[in-house]
Amino acid sequence: MKCSAAGPSCAPPAISVLIGLLGDVHGRVLDAFRAIVALQHRIARRFDLVIQVGDMGAFPDMAQADGATFIHSALDPSEGDFARLLNPGAAESTEFRSLRRQLVAPIYFLRGNHEDFAWLDALPVDGTGTAAVDAYDLLRYVPDDTVIGLATLRIAFLGGVEEGRGADVISRAAYERLLSSTPGSLDLLITHQGPYGSSTGFRGDVQGSMLITALVDQIAPRWHVAGHAHTLVGPALHSGTVCLLLSALVPSRRWAPEARGLMQGCMAILDTDRGELSPVTGDWLSTFKTRHDAARAST
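Residues numbered from 1 in each chain as written. Predicted model: local features only at pLDDT ≥ 70, side-chain atom pairs only at ≥ 80, totals over all residues. Heavy atoms only, no water.

Colleague: An account of the overall build of the protein chain is needed here, citing residue identities and associated values.
Modeller: Helix and strand content of the protein chain: nine helices and 15 strands. Based on the C-alpha atoms only, the size of the protein chain along its principal axes is roughly 55 × 45 × 40 Å. Within the span of the protein chain, comprising 299 residues, buried residues form 55% of the whole. If you take every contact in the protein chain between residues at least 6 apart in sequence, the share linking residues at least 24 apart comes to 68%. (Helix = DSSP H or I, 4+ residues; strand = E, 2+ residues; numbered from the N terminus. Buried < 20%, exposed > 50% of the residue type's maximum accessible area, 1.4 Å probe, protein only. Contact = heavy atoms within 4.5 Å.)

Put into structure tokens, the structure is as follows:
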């Protein structure tokens, strides 16, 4: 499915840029890296940048993981791969180096609502406005209300969720700073949570954030991409902005224990030359062998 916004405010930038977008990972960084590299092979082109929409599962020590992560990691140990990235074995180290050579740049990610927030906050931010995470330069953390440039693009980031009760909540200070942006001055907005009404929970509850809705309405970016709900929604045109919610990388091992592979719409491609934001779908995703699938097949 492809969707491109019409009108002067949504005209593609003059320089062609290809951006890969990645949904909630929840610690499964090795599967995420492999999936992005596999997608590059399928389209026969490397991404200029890959962005992950939060819930990277950035827990350097799984003993410090939150309750939900602890429950899910017991069902799928690959949720602990973020910690393994920081302290790998010899074979893992070799693969991490190999994967990095296949990426133009490290994968940028913002905070979701399942991270070690204190650890992320302590990372030193350098002149790029982002923070190095690992020895392989595979990941870089992007703090709230950071705006980065890529060719002619301006990309803004805002993590957290509106209903959070602690460090996972949307920062009102960061939110207000982004809200003051000149309408149309940002090309791509990346948030963890989607707009209010963008999805419905399994109990029938309306999901999304009124704050994010107001932000998109006010600053009018060309494109807006989010995650959090683990459901593919869109792309759809909202007041001149093309909005897309990505699904999670893999199905929940708790709610869908027999599901295999990657979820439809766990990745997307933004092609600025064509002005297209396209979720990735296809049979190859469900047959993609994740670390969990490989371990299950060997038992």
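Colleague: If you had to explain helix α4 (residues 90-101) to someone new, which residues and values would you point to?
Modeller: The terminal C-alpha atoms of α4 lie 17 Å apart, and with twelve residues this matches the ideal 16 Å at 1.5 Å per residue to within 8%. When α4 is considered as a whole, its buried residues turn out to be S93, F96, L99 and R100. Down the axis of α4, the buried side of the element spans an arc of 125°, and every buried residue falls inside it. Exposed and facing more than 90 degrees away from the buried side of α4 are A90, A91, T94 and R101. (Expected span 1.5 Å × (residues − 1). Arc of directions from axis to C-beta.)

Colleague: Mind laying out unusual backbone geometry, listing which residues take part and the relevant values?
Modeller: Omega for the bond connecting G234 with P235 falls within 30 degrees of zero, at 10°, which places this linkage in the cis form. Here the phi dihedral of D145 falls at roughly 60°; this positive angle occurs in a residue that is not glycine. In this structure, D145 sits in the loop between β5 (139-141) and β6 (147-150). Residues other than glycine seldom take positive phi values, yet S239 does so here, at roughly 50°. Its location among the elements puts S239 in the loop between β12 (233-238) and β13 (241-245).

Colleague: Can you tell me about the environment of V50, naming the residues and giving the values?
Modeller: With respect to the helices and strands, V50 occurs in strand β2 (residues 49-52). C-alpha of V50 to C-alpha of P195: the two residues are 145 residues apart in sequence and 22 Å apart in space. Excluding residues that lie within four positions of it along the chain, V50 makes contacts with G20, I36, P106, I107 and Y108.

Colleague: Can you break down the packing of aromatic side chains residue by residue, with the values?
Modeller: Inspection of every chain in the model, using the stated rule, returns five aromatic pairs. Aromatic side chains F96 and Y136 sit 5.4 Å apart centroid to centroid with 45° between the ring planes, which places their arrangement in the tilted category. Here F96 is found in helix α4, whereas its partner Y136 is found in the loop between β4 (131-132) and β5, with 40 residues between them in sequence. Among the residues examined, F96 registers a relative accessible area of 2% and is labelled buried. For Y136, a relative accessible area of 11% corresponds to the buried category. Between F109 and Y141, the ring centres sit 5.6 Å apart and the planes meet at 50°, which makes this aromatic pair tilted. Here Y141 lies in strand β5 and F109 lies in strand β3 (residues 107-109), a separation of 32 residues in the sequence. (Phe/Tyr/Trp six-rings, centres within 6.5 Å; stacked < 30°, edge-to-face > 60°.)

Colleague: Just give me the short version of the pairing of strand β15 (residues 276-279), but keep the residues and values in it.
Modeller: Residues of β15 alternate between two faces, with E276 and S278 on one and L277 and P279 on the opposite face, all of them buried. Pairing between strand β14 (residues 267-271) and β15: four bridges, direction antiparallel. The residue of β15 that forms the bridge with D271 is E276. What sits between β14 and β15 in their antiparallel hairpin is a turn of four residues, with G275 showing a positive phi close to 70°. (Pairing = 2+ DSSP bridges.)

Colleague: I'd love a proper account of the pattern of salt bridges, names of residues and values included.
Modeller: Taken as a whole and assessed by the stated rule, the structure comprises twelve salt bridges. For the salt bridge of E95 with R34, the shortest nitrogen-to-oxygen distance reads 2.8 Å. In this pair, E95 is assigned in helix α4 and R34 in helix α1 (residues 29-43), connecting sequence segments 61 residues apart. In this structure R34 comes out as partly exposed when scored by relative accessible area, which is 26%. The partner of R177 in a salt bridge is D145, with the nearest N and O atoms 2.9 Å apart. (Salt bridge = Lys/Arg side-chain N within 4 Å of Asp/Glu carboxyl O.)

Colleague: Give a detailed account of the sheet that holds strand β8 (residues 188-191), specifying residues and quantitative values.
Modeller: Spatial ordering of the open sheet is given by β6-β7-β8-β11-β13-β12, a layout of six strands whose pairing is mixed. Each edge of the open sheet is held by one strand with a lone partner, namely β6 and β12. Adjacent strand axes in the sheet meet at a mean angle of 20°, parallel and antiparallel pairs treated alike. Sheet analysis places β6 next to strand β7 (residues 153-158), joined by four bridges and oriented antiparallel. If you follow G149 over to β7, its bridge partner there is R154. Across the face of the sheet, helix α6 (residues 172-179) comes into contact with β6, β7 and β8 while running at roughly 155° to β7. (Axes fitted to C-alpha atoms, helices over the stretch in contact; angles between N-to-C directions.)

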